[in-house]
Amino acid sequence: TKCDTSGPYTVSGCSTTVCEQPALSSVDFAAVDEDLNAPTFKADGLTCASGYTGTPTATVCATHQGAYTVTGCDAIMCTQPSTVGFDFSAAAETSLAMPTFEVSGITCMAGYAAAEAGVAASACDTAGEYSVAGCTEFSCTRPAAATGYDLTGATENLLAHSFEVTGMACATHYAAAGEITATVCSEAGEYTLAGCAAIECTRPADVAGYDFTNATEVLTAPDFAVTDVACAAGYAGTPEATVCDAAGPFSLAGCAPIPCSRPENVAFDFGSVVETSLMAPDFDVSGITCAHTYTAPAGITAEACTAEGPYRVTGCVTDTAACVRPTTAGYVFEGATEELIVVKFDVSGVTCAPQYVGTAAVASCTGDQEAYTVGGCEPEMCTRPDEAGFDFTSASEKSLAVPTFEVQGVACADGYTGNPTVQPCLSSGAAYYVSGCVETTTTTTTTTTTTTTTTPPTPESLVFNISGSFSFEAAADQDVVHDAVQDLLIETSGETLEHVFVFVTSVAARRLSVRRLATKVFTVEFIVRYAAIASADADYALMGQFTEAVLAPQLQGVLESKGVTVG
């Protein structure tokens, strides 16, 4: 605007520019000394905020009420650390800038265990590696049960991350099946071993001189046991089996061939004898003859010795040499015709005894006052029954031969109760008999407002097998006697004796045996079934009463009705 008097003219329209403080997270304005008027602008005392580094510089704003600018503060950058024990292969480093630091997915290396809270990463304080925590190194321990391994000379580094075990070996009776290895534990605890296996022995291919018939063999070397080996015929000693050192046959020792020597016997002439072998296993002697005044009606026999000493010769006898009757079990000699002089030996009429089967055969003795031999009769053999209600799991069948029958340990099966008894079979090949186990029953009681009705168990639920026997004289054929007794048992089926109801559902199924002991003497053995109808405590003695009170009085009448005279 022009001046009114001589002097300066005036100007207007321009005002002072004023700045504003910027909103920056990288700068700390706490100690700033500011003059925000642009002509005199200043911003002294600026520092970089936490997480940033540098020298901040302020520049005046360009427009009124605009923010002035600050430069020179840069974010601190972290880097991935190389800390042992941590695995960064799957880590997600979303931001490595300190102010916005974010890292996840770090895990522990093998040999390190993660803390319960997990693995954590923390930002660096100054430019450099960020920090990690949560992985702790652990160690393994030697296995407490290192069966099969020898660690006496082993060298062990048990730190899991650098685990190493060397110098291992297989223990005695074990062998390496490849490389012996030790595997690091996956957490604090025992490391594992592999590569050693128990040596398996085998029976030698050549067992000449040894008898394994009753032998028991445990062929795994650590538990090796071979017992009940015997020396074979012709050998003597104490057999001993020794475990193998490597997979293959175990060794045998202790049995040696038995050496025989020539006997001294006046009945024999050894002048022309040929003793090819005097060792018992391959004994071979020939050329022996009878001395003067001796003869060999059945020929001369030379047999190997069974213990070190003279071999046995038989066959040469005088005209008066005689056999004697043997005492062999299983044979009946009563009624036999015997010519016992050796040179005219003739015996007939020997039969198999009760509880034995077969056809008796006889052979002459070969020396004076020796027993003649009998053969052909074998014990009747029972088999195990398949009878419901009985448990044979723990049964000990020591002898299934009827004459020496012994079976123990039979029990009642689940669902049955009682005191099981065992009796031999009555014919060879048949099952032996079991009885005494009763099926467990539940008594049902029905109650109304006026009466109580109890349903008793049926007789069949208390059924037992039981045997009886008796002997008598009768002039009759064995088949006739068998049929008569069978008829008698069937006719008496259903009779009641005190509290026992005796019945026979099938004589054939329950067994009936009639044997001739001598010309007129018979023995009868039978098994019937009975049920307690008034008491569950039936006494086995009542079967004796049944035989005496029912069977015996009626037997004579039944036999006489068939034309048999009973004595």
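The rules we used
Residues numbered from 1 in each chain as written. Predicted model: local features only at pLDDT ≥ 70, side-chain atom pairs only at ≥ 80, totals over all residues. Heavy atoms only, no water. Helix = DSSP H or I, 4+ residues; strand = E, 2+ residues; numbered from the N terminus. Buried < 20%, exposed > 50% of the residue type's maximum accessible area, 1.4 Å probe, protein only. Contact = heavy atoms within 4.5 Å. Areas by Shrake-Rupley, 256 points an atom, 1.4 Å probe, with all protein chains shown as cover. pLDDT = per-residue confidence, 0-100.

1. Some points on the overall build of the protein chain
Here comes step 1: Within the protein chain, the secondary structure is distributed over three helices and 59 strands.
Here comes step 2: Residues counted as buried form 35% of the 567 residues belonging to the protein chain.
Here comes step 3: By sequence separation, contacts in the protein chain at least 24 residues apart represent 47% of the contacts at least 6 residues apart.
Here comes step 4: Total accessible area on the protein chain stands at roughly 31300 Å², and carbon and sulfur atoms take up 50% of it.

2. As for the confidence of the model for the protein chain
Here comes step 1: Per-chain confidence: the protein chain averages 84 in pLDDT, with 79% of residues scoring 70 or above.
Here comes step 2: In this model residues 444-464 is a low-confidence stretch, pLDDT under 50, and it forms 36 contacts with partners more than four residues away in sequence or in other chains.
Here comes step 3: Segment residues 494-511: pLDDT under 50, and 61 contacts once partners within four positions in sequence are set aside and those in other chains are kept.

3. Considerations on the environment of Ala329
Here comes step 1: With respect to the element layout, Ala329 can be found in the loop between β40 (312-314) and β41 (331-332).
Here comes step 2: With relative accessibility at 56%, the residue Ala329 sits in the exposed group.

4. A short note on unusual backbone geometry
Here comes step 1: A positive phi angle, near 60°, is found at Gln65, a position not held by glycine.
Here comes step 2: Its location among the elements puts Gln65 in the loop between β5 (52-59) and β6 (69-75).
Here comes step 3: Judged by its relative accessible area of 52%, Gln65 falls in the exposed class.
Here comes step 4: Phi at Asp228 takes a positive value of approximately 60°, unusual for a residue other than glycine.
Here comes step 5: Relative to the elements of secondary structure, Asp228 occurs in the loop between β28 (225-227) and β29 (230-231).
Here comes step 6: Given the relative accessible area of 54%, Asp228 is considered exposed.

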